[in-house]
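Remarks on the overall topology
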Amino acid sequence: MKKNKILSFAEAESVLDAERRNGRRIVQCHGTFDLIHPGHIVHLEEARALGDLLVVTVTDEKHVNKGPGRPCFNDDLRARTLAALECVDYVVLIPFVAAVEAIRLVKPAIYCKGTEYQDASNDVTGNIHDDLSEVRVHGGEVRYIGSVVFSSTKILNRHFDHLPQAVRNYCSELSSKTSAAQIREMVDGFEKLRILVVGDTIIDQYACLNVQGLTSKNRIISGRFLSQETYLGGALAILRHVRQFTPNVRFVSLLGNEPWVDELLAGALSKSQDATIRDDAFTTIVKKRYVEPLLEGNEISKLFSVNFINEDPPSEEIQERILQNLRREMKNCDAVLLADFGHGLMQEKIRDLVQEEAPFLVLNCQTNSNNHGFNIITRQYRRADAFSLDNQEMMLSCGRRQFDPDHELSAMAKAFGSEFAWFTRGSVMTHGFSKNTAPVRIPPLVTDVTDTVGAGDAFFSVAGLAAASRLHIEISTFLGQLAGAQAVNIVGNEHPVSKATLLKGVQSLLNF
């Protein structure tokens, strides 16, 4: 192996510039290269023959978006495997999701893609147009090569244990019923939906502390403040998820008039989507969690939380304004996604109106520390076309700690007149119910968790869109699970789930 074949991202530009000044014609290939197979070898050899120098850029493991369990091999092993090939001159790990930054770094004379990308629609990320434009900016050309084709993903799914056996078995069975291409067409269909998101806006603050121990006199936790981040949660997080799949979204919520609210929402809520009510007497809901620094590979450790929430309901005047907005907005939507966090917005007459007039109602009535025992779905609502609930919410609804999930879900769906229902149990199993079909059970798709806050909201958002599109319960539950699998590795709703990443996950998991 040539010495120093593996370059860091920081040093690569100067090394490659020197090669270019020496008259070397640089060819670039980019990808994940999770498992090197004969198709890769031929592709790289054909690329190397097009120039004087072959640079292979590799997406680092933090930014691989091929779905649960990927990459199978870490950065060091993937880089070393490629560097061991005679046809490869340099390998560079790229700390970005897309290829644009890699192309900008290398500035290739020739950029090689597989022949399947001659049809740009095969790229579910939609990034290929940006990639090709970046190549041309630097005076390069694009070549489509690869006379031998294999699939790393298919080989991994069939012969490796990067996924839990239950997930492999489930996905293999699902792949025999439907294809990734068919599911992609279904998900693309979401963009036609007109969605009204209704619910409590929550501002999530994460104050990071270095815990120093207990104070000597009062025995309370003492910590040194490090930093604070603010995230948009609650129904606003659901709006942001939904917006990744359809531009036709409106938002009804209740906010205060604190001076910081407009600035915080400026990049998250456009005027074309804003049907919120502002009230000087209402305190914009803030949940401030004190956490320890996130350690690589661990779930974030939360110490305690302080909630800034009004105890009294909104005034009659404000409730009437909310009703007026809802009456207007529900006339122009296909479905209402209602996220009731029990924080004041959904008073009785507002709940009644939504249940009476929503064309298709997708409901999530949440239990949390602020409303425990007071916001139980079976006491607050009588109708939902689709709904989701977690283990605590199910126990409170049925009044038992021990229960049969499928039986209780079926009984509740019958009482509500629901077409779809989901019972999510995080790391255990997700159950799906639909009339006239067998119950669906899907195991958790990921085991590595960073932050569970917002995972249920991500599931609800995507499964709700699938229900509004009347997709089969197995497809809607699977898509919801994929969204939840993304969300558990996002800290505090820092950003919404990605449609492209979801579809890449579909492609990966169903490739058998």
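Residues numbered from 1 in each chain as written. Predicted model: local features only at pLDDT ≥ 70, side-chain atom pairs only at ≥ 80, totals over all residues. Heavy atoms only, no water.

Describing the overall build of the chain
Applicable threshold: Working definition: helices are DSSP H or I runs of at least four residues, strands are E runs of at least two. Numbering for both runs from the N terminus. To get the radius of gyration, use the C-alpha atoms; to get the globule rule, take the number of residues to the power 0.38 and multiply by 2.2 Å. The cut-offs for exposure are 20% and 50% of the maximum accessible area for each residue type, with area from a 1.4 Å probe on protein chains only; residues under the lower value are buried, those over the upper are exposed, and the others partly exposed.
A count of helical and extended segments in the chain gives 18 helices and 20 strands. Relative to a compact globule of 512 residues, whose C-alpha radius of gyration would be 24 Å, the chain shows 25 Å and is just as compact. Projected onto its principal axes, the C-alpha coordinates of the chain cover approximately 75 × 60 × 45 Å. Here the chain, with 512 residues, has 54% of them falling under the buried criterion.

Concerning the state of the cysteines
By definition, a disulfide is the covalent link that joins the sulfur atoms of two cysteine residues. Here is the rule: Two cysteine sulfur atoms form a disulfide, by the criterion used here, when they sit within 2.5 Å.
Under the defined criterion, the tally for this structure stands at zero disulfides. Cysteine cysteine 87 shares no disulfide, and the gap to the nearest cysteine sulfur, in cysteine 29, comes to 8.6 Å.

Describing the environment of proline 95
Applicable threshold: In what follows, a contact means two residues having at least one pair of non-hydrogen atoms within 4.5 Å.
If you trace the backbone, proline 95 turns up in the loop between β4 (90-94) and α4 (100-106). Linking proline 95 and aspartate 60, residues 35 residues apart in sequence, is a C-alpha distance of 5.6 Å. Sequence-distant contacts of proline 95, defined by excluding residues within four places in its chain, comprise Phe9, Asp60 and His63.

A closer look at the nonpolar core
The test is simple: Residues belong to a common nonpolar core when they are buried Ala, Val, Leu, Ile, Met, Phe, Trp, Tyr or Cys residues joined through side-chain atoms within 4.5 Å.
Residues Val197, Leu326, Val336, Phe387, Phe478, Leu479 and Leu502 are the most contacted members of the largest nonpolar core, which totals 110 residues. Beyond its immediate stretch of four places on either side in the chain, leucine 502 contacts Val187, Phe245, Val462, Leu479, Leu482, Ala483 and Gln486. Membership of the second largest hydrophobic core comes to 18 residues, among which are Phe33, Leu82, Ala83 and Ile145.

Details of the packing of aromatic side chains
Basically, it comes down to this: Pairing of aromatic rings covers Phe, Tyr and Trp, the last counted by its six-membered ring, and requires centre-to-centre distances within 6.5 Å; plane angles under 30 degrees mean stacked, over 60 mean edge-to-face, and any other angle means tilted. By definition, being over a ring means that NZ of Lys or CZ of Arg is both within 6 Å of the ring centre and within 35 degrees of the ring normal.
For the structure shown, the criterion picks out 10 aromatic pairs. Measuring from ring centre to ring centre gives 5.5 Å for tyrosine 206 and tyrosine 231, while their planes differ by 80°; the resulting arrangement is edge-to-face. Taken as a pair, tyrosine 206 in strand β8 (residues 201-214) and tyrosine 231 in strand β9 (residues 221-234) lie far apart in primary sequence, 25 residues in all. Exposure class is identical for tyrosine 206 and tyrosine 231. Each is buried. Through pairs of rings, three or more aromatic residues link up here, namely Phe420, Trp422 and Phe459. Between the NZ or CZ atom of lysine 113 and the centre of the ring of tyrosine 117, over which it lies, the distance is 4.2 Å. Taking the ring centre of tyrosine 381 as reference, the NZ or CZ of arginine 351 above it sits at 6.0 Å.

Considering a nonpolar patch on the surface
Using the following cut-off: Exposure above 30% relative accessible area and the lack of any salt bridge qualify a residue for a patch; like charges then connect within 9 Å, and the nonpolar side chains Val, Leu, Ile, Met, Phe, Trp and Tyr within 5 Å. With residues, only the protein chains shown are counted as cover, and all accessible areas are computed by Shrake-Rupley using a 1.4 Å probe. Salt bridges, as used here, are contacts in which a Lys or Arg side-chain nitrogen is within 4 Å of a carboxyl oxygen on Asp or Glu.
Together, Phe304, Val306 and Phe308 make up an exposed nonpolar region whose accessible area comes to about 250 Å². Summarising the element assignment, valine 306 is placed in strand β14 (residues 302-308).

A look at helix α16 (residues 455-468)
Let me state the cut-off plainly: Expected helix span is taken as 1.5 Å per residue step, with the number of steps being one fewer than the number of residues.
Between its terminal C-alpha atoms α16 stretches 20 Å, which fits the 20 Å expected from 14 residues at 1.5 Å a residue. Where burial is concerned, most of α16 is hidden: 13 out of the 14 residues are buried. One or two residues past the end of α16 sits arginine 470, with phi positive at roughly 60°.

Things to note about the pattern of salt bridges
According to the stated counting rule, one finds 27 salt bridges in the structure shown. Two residues, glutamate 173 and lysine 177, come together in a salt bridge whose shortest N-O distance is 3.6 Å. On the basis of relative accessibility, which here comes to 46%, the residue glutamate 173 falls in the partly exposed class. Between aspartate 385 and arginine 383 there is a salt bridge, with the nearest N and O atoms lying 2.5 Å from each other. A relative accessible area of 12% places aspartate 385 in the buried class. Residues joined by salt bridges that share partners form a network here, namely Glu173, Lys177 and Glu474.

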